[in-house]
Structures are given as C-alpha cells and as structure tokens.
Amino acid sequence: MQLEQRIKRRHFLVLIMMTFIWIGLLARLWWIQLGAPHHYSRRGIDLVKGAVKQRQQSIVLHSGRGDILDRNGYAFTGAPHLALILFPLARNSLTGTDDLQQLADLVGQSSEYLGATMEKAKAPVLLRNQRGKLIVLTEEQTDQINKLAIPGVVALKVTERYRQEEVAKHLIGYIHQNPSLLQSLYAEELASGKMSKESAVGASGLERSFDRFLQGVEPSVLSYYVDGQGRPLRGLDIRYTKHENEYYPLSLTTTLDVSIQRRMESVADQVGLKEGSIVVLDAKSGDVLAMVSRPAYDQTKVNVQSRAWQNRAVKQIPPGSVFKTVVAAAALAEGVILPTDRFTCTGDYGKYHFSCWKKEGHGSVTLEEAYAQSCNIAFAEIAKLVGGEKIEEYAQRLGLSMQVGHTTSHLFKLDGFKQIDGEERGSVFAKDVSRRDEGVLIQTAIGQRDVRVTPLQAANLMVTILRGGQPGQVRLVSKIAYQNGQSFFQFPQQAISMPGIDYVTANKLRKMMRKVVTDGTGKLLNEANWEVAGKSGTAQTGGAGSSANHYWFVGYAPFDEPLYAISVVAENKASWGQNQAMEMFRRAVDELADHTARSSRLRVGNSPE
C-alpha cells in the first residue's frame, strides 16, 4: 500500500513538473510571438523583420546615399539608367512559354543566355552582357517589357553606386555593413530608429571621411514576397519602396576633373603599373585634379586582406633623391653654401659603405650640377654643413612631415575634420635617432634610412615652390550641397599655418629643377610635348643589397606658365631596366597637354562671337 502511494506521489510530482514546463514553454512562445517579436534576445533581433525577409526577394534600386561628383557635375557614384531586373521567381514564370524568347528579342540577347542568367541567379540581378557591363534600355524597350507582365521580370530606372568601368575608385572608396562601427559612430541614430543594424557605412575614401554627410534617406527597394517554392504570394504583389526628400541626401562636389582622372588611369595601365600612384594637382590652388592608385580593386567585391583598396598616393614611402630638394632649400635659405660652391665626387664616400650611383664619380660639381645629376657624395657633404635639425625644420616648412590634406576645425558633429581618408604624415628621422650622427645624416640627405614622404606631399611640394615658398592644404572636396542644389557647406582654400621658404630660394629651386631635365637625370622628359621641370628619385626598399626600388619623378608643367604639379611613383620595381616613373611622367604630361588644348578649343568654340 505504501509503495503504491509513493508511486502515485512521484507520478503527481512529475505531472506537476511537466505542467510547469508546458506553462513555461507557452509563456516563452507567447513572449516570442507577441511580447517582444521586434526585440528578441539581448542582441535586439527583430523576428518579424527576419520572417518577412525569409519570404522576400528584393533589389536596391538606389542606395539612398548622396552622390560624389567631379568639379563639373559628373557622378562617380553612378547615374540612373533603365535596366532589366530578373528575380529568381521568374524561372517559374518563363518555363515552357514564349515569353522568354520575346524578352530575349527585346533586350538583344539570346534566349539561352537569358535562361542561363536566371538559372544562376540566387538573388535578384540586373541584366548584364557577357563582359559584365549593364545593358541599358530605352524607354520604348522598358514599356514593351513591362507590358509583358511577367512575374519576376521588371524594367525600371536603377542607379548603380559602383560600376566596373568607373575611375577614381581609391578616392571614392566603398561602403559595407559593419554593425560594431555603426554602433560606435551612430549610437543616437540607432536608438532613435533613424538607422538600423543593416545600414551600410563608409569603409574607405570619401565614403568614409564624409560618411555622416552622405548618409541620406532609406534605400529605394523593389521587392517580391514568395512562398517556400519561390512562387509569388497571393495578395502580396510587387512592392516598390521609394523615399523622396527635397533636401537629402547631400552630395559632394570634389575638385577632381573626370577627364584628367581617366587620362591618368589610362597612363598607369599603359605602362603596366602594378604598384604605385599618380597625383595631379592644380599648380595654383593645390586642389586635387586626379589621383590614381594601383593595384586596382573592385568596389563591389572588396578583399579587405589584400589591401588593394588602400590609396597608395597618401601612404608614406622612402622618396630617394626627391628629398634632395629639401636639403638644397635648407642650404640656400640658410646661406650655408653659395650656388657657385664646388664639391668633389669620386664615386665613393670612403666609409659607411656609402657611394654615388655613378661609380666613377661626378668630379667637381656645383650645387646646381649636383642636384641635376643627383650626386650622392655632394649632397652628403651639403647635409653635414646644413645639419640634421635644419633639414628636419625645412622638411616641415615644405609640408613633408605632416598631413597636407584639407582640415576643418569643426564641422557639424566632427572636430578636426579631415577630407582625405587614410593620409599619413611623413617623417625625416626616427624618434630616438641622433640628428648629428654622420652615418644617419648622409643617408637622410639622399632620402633613405628613416625619411618617408607620401606622393601627395611630394606633389604639394611642387605647388609650394611654384607659389613662392608658402605651403598650403590640399583640397579634395570643394562643397557639400543639398539635394535641391543649395549650398550646405563650402570648403575654402587654406594655407598651412607655419612659415615656408622665401621667394628667392623657391625661384632658385625652380631653375635647378629645370636643369634636371635639360642636363641631368631627367633628359628623357625633353621628349614631352611641354617643357617640364622636376626631380627624379630612386629609393632602395630593403637596404643596400635589395634588388627592388621605388622610382619617383616629381615636377610641374609647362615650365614657363605652370598649370599642373605632378608626382608619379612606381613602387617595388627591379633595379634594372627602364625607369617606369620617368615614362609615366612623360605620358602624363602629354595627356595633360592634349587635355588642355582640347579644353581651350571647346571654350573658344562655345564663346559668343
């Protein structure tokens, strides 16, 4: 009897436990379904939105972000085009019908290619040709396609933010989804619901530095809702979500000239530049007209680990003999030597394994001749006379050991706002290195050891000399504007707040740079369509035994009335063979001469009689 009672008691307790478990499960289910479907778990997961997404096939027609334009209004971030959109559900719609052939005829593609495109599509796609370029439709084609009324097949206006054939990709940058970055930058917007965890943020370039201004309205989205077999759900037809605002998104007007940018990218590709950069600045204002970086990358498929997306034009590298410009400026400005003073080069310094690139030496040379011939021994002697502290001071005066990109002390919610993303400072000496150590000093004199300069700083050095010695900041963006065209903010041209060099010294440097081309290491440039001036540089990348060099040429053109300051670098090239930088500079000058001539003819042709 007692045994039966114990068994019944156990059964009763088990039943009570099962009842509480079921009540708990029902409560949990109620909470998930009704209590907190929009904020499930500590991560705030929206279950309703997730469930809808499982049944949604959608494509973004416009990102909602602001445009990035060149100085004449050309959009680097895409222009609207009529295009064919294919949803995966169209496979069911076109099976065993004549619609596939009709559609193929309308877009000028074979039915086999169209069918294969849809078969491979796991998400909605824009129809492209076999080279990957978007097939742009006419309004007539668009009307005829939409009259077919094929579920999952729509022709609409689409704006691709990034295009394969576009230029200035390193400057524009790219966007991506990064919830942790979003939380750190836009906590208030996330809390208020203005942004969601799916919102994209700028990852590099102008997309990153101006992200707060380019963030605009919600994306325009085209959606279908489907069942488990991918068929359209009844009652839930195609949905088009579009947000219009008179003022937003904002747009950026850059200082870039898309025509010059295209020409410079063509030059880089013509010479086969694998790693390096080209910078073209307006010789008077210092504004960026073009900036090219290689290797190239695809903004829609970014391999972050490859680092190809980084803009090499703003990364510091050894400048080689380009830095002799700073040593010469310090020597002339301080009156340490006269232009007529002579130095003897026998080809070997006699210690530190330091030698001249010309093994037999240059003999007796003046400062001007030593600069034109890029004599290492003469500049080692000049550097000892000038001293390390003065060399470092004049590098600072000429803008070579600081960020030279345009800054704004306070802009909207941002303090110390910088236009150019990822720009590095440059340096002359390492932190704890003696400025008076002879071995260090002579290596510094020829732009080796700890000396680092960015190609952007080098181009700006030319502008500083042409300006008479006063360094200025480099603008990449001239203004931010509302959607209706009204100005939101304008960026003025700004000088760097420190003394430069005097006008007389700057003028002497200009004459010396011309002699580099007429009588020195830059003779190849006498073949250019314009007379040019500048300084060559070769920097070893891994010490004296390295077989790879960085090749530089920095200068301006035309010589008499300068329009452009140009810096070109071919990085990590073999120490034998053709100087790729010199060839690249010559081609760049020829392209700029042709561009200027064409622009002048157009202005004359459009002027009133």
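None of these values were measured; they are calculated from a predicted model.

Draft legend 1. Summary view of unusual backbone geometry. Cis geometry marks the peptide bond from Tyr248 to Pro249; its omega dihedral reads 5°. The residue Pro249 is located in the loop between strand E9 (239-241) and strand E10 (251-254) in this model. Pro558 follows Ala557 through a cis peptide bond whose omega is -15°. By the secondary structure assignment, Pro558 is in the loop between strand E20 (548-557) and strand E21 (564-574). Notably, Arg307 is not glycine yet its phi reads approximately 65°, a positive angle.

Draft legend 2. Looking closely at the pairing of strand E5 (residues 153-159). Counting buried residues along E5, five of its seven residues qualify, which places the element largely inside the surrounding structure. Judged from the seven bridges that link them, strand E3 (residues 80-86) and E5 form a sheet pairing that is antiparallel. Along E5, the bridge assignment pairs His81 with Val158.

Draft legend 3. Structural detail: the sheet that holds E3. Pairing in this open sheet of three strands is antiparallel, and the strands run E4-E3-E5 from one edge to the other. Edge positions in the sheet fall to strand E4 (125-126) and E5, since each has one partner strand and no second. Bridge count between E3 and E4: two bridges; the pairing is antiparallel. Considered in E4, the bridge of Leu86 is made with Val125.

Draft legend 4. Here's a closer look at the pattern of salt bridges. Following the criterion strictly, the structure yields 33 salt bridges and no others. In this structure, Lys413 engages Glu189 in a salt bridge whose closest nitrogen and oxygen atoms are separated by 4.0 Å. Linking Lys413 in the loop between strand E15 (407-411) and strand E16 (414-418) with Glu189 in helix H9 (residues 187-192), this pair joins segments that are 224 residues apart in sequence. Take Glu189: its relative accessible area is 14%, and that puts it in the buried class. One salt-bridge network, in which partners are shared between bridges, spans Arg65, Arg161, Glu207 and Asp211.

Draft legend 5. Representation of the side chain of Arg161. Topologically, Arg161 is positioned in the loop between E5 and helix H7 (169-172). Classification of Arg161 by relative accessible area gives buried; the value is 9%. A polar side-chain atom of Arg161 sits 2.7 Å from the main-chain carbonyl oxygen of Gly66. Those residues in contact with Arg161, other than ones at most four positions away along the chain, are Ser63, Arg65, Gly66, Asp67, Ile68, Phe76, Thr77, Gly78, Ile175, Glu207 and Leu214.

Draft legend 6. Region of interest: helix H19 (residues 503-519). Its 17 residues place the ends of H19 24 Å apart at the C-alpha level, agreeing with the 24 Å of an ideal helix rising 1.5 Å per residue. Looking at H19, one finds that the buried residues are Thr505, Ala506, Leu509, Arg510, Met512, Met513, Arg514, Val516 and Val517. Along its buried surface, H19 packs onto helix H13 (324-333), helix H14 (367-373), helix H18 (455-466), strand E19 (533-540) and E20. The N-capping residue of H19, defined by a side-chain oxygen 3.1 Å from the backbone nitrogen of Val504, is Asp502.

Draft legend 7. Representation of the sheet that holds E21 in the model. Pairing in this open sheet of five strands is antiparallel, and the strands run E12-E11-E21-E20-E19 from one edge to the other. Two strands lie at the open edges of the sheet, namely strand E12 (288-294) and E19, each paired on one side alone. Averaged over all pairs of adjacent strands, the angle between strand axes in this sheet comes to 5°, irrespective of strand direction. In this sheet, E21 lies alongside strand E11 (residues 276-282) in antiparallel orientation, the contact comprising seven bridges. Along E21, the bridge assignment pairs Ile278 with Val568. Of the strands in this sheet, E19 and E20 are in contact with H19, which crosses E19 at around 70°.

Draft legend 8. Expanded view of the packing of aromatic side chains. Counted by the stated rule, this structure contains 20 aromatic pairs. Between Tyr174 and Trp309 the ring centres are 6.2 Å apart and the planes differ by 75°, which places this aromatic pair in the edge-to-face class. With Tyr174 in the loop between H7 and strand E6 (175-177) and Trp309 in the loop between E12 and H13, this pair connects stretches of sequence that are 135 residues apart. Comparing Tyr174 with Trp309 shows no difference in burial state: the two are buried. Both rings, one in Tyr248 and one in Tyr482, keep their centres 6.0 Å apart while their planes meet at 85°; by these two values the pair is edge-to-face. Placement of Tyr248 in the loop between E9 and E10 and of Tyr482 in the loop between strand E17 (477-481) and strand E18 (487-490) is noted, with a sequence separation of 234 residues between them. Classification of Tyr248 as partly exposed rests on a relative accessible area of 37%. Taken together, the aromatic side chains of Phe210, Phe213, Tyr247, Tyr248, Phe412, Phe417, Tyr482, Phe488, Phe489 and Phe491 make up a single cluster linked through ring pairs.

What counts and how
Residues numbered from 1 in each chain as written. Predicted model: local features only at pLDDT ≥ 70, side-chain atom pairs only at ≥ 80, totals over all residues. Heavy atoms only, no water. Helix = DSSP H or I, 4+ residues; strand = E, 2+ residues; numbered from the N terminus. Buried < 20%, exposed > 50% of the residue type's maximum accessible area, 1.4 Å probe, protein only. Pairing = 2+ DSSP bridges. Salt bridge = Lys/Arg side-chain N within 4 Å of Asp/Glu carboxyl O. Polar contact = N/O pair within 3.5 Å; in protein donor to acceptor, adjacent residues only side chain to side chain. Contact = heavy atoms within 4.5 Å. Expected span 1.5 Å × (residues − 1). Axes fitted to C-alpha atoms, helices over the stretch in contact; angles between N-to-C directions. Phe/Tyr/Trp six-rings, centres within 6.5 Å; stacked < 30°, edge-to-face > 60°.

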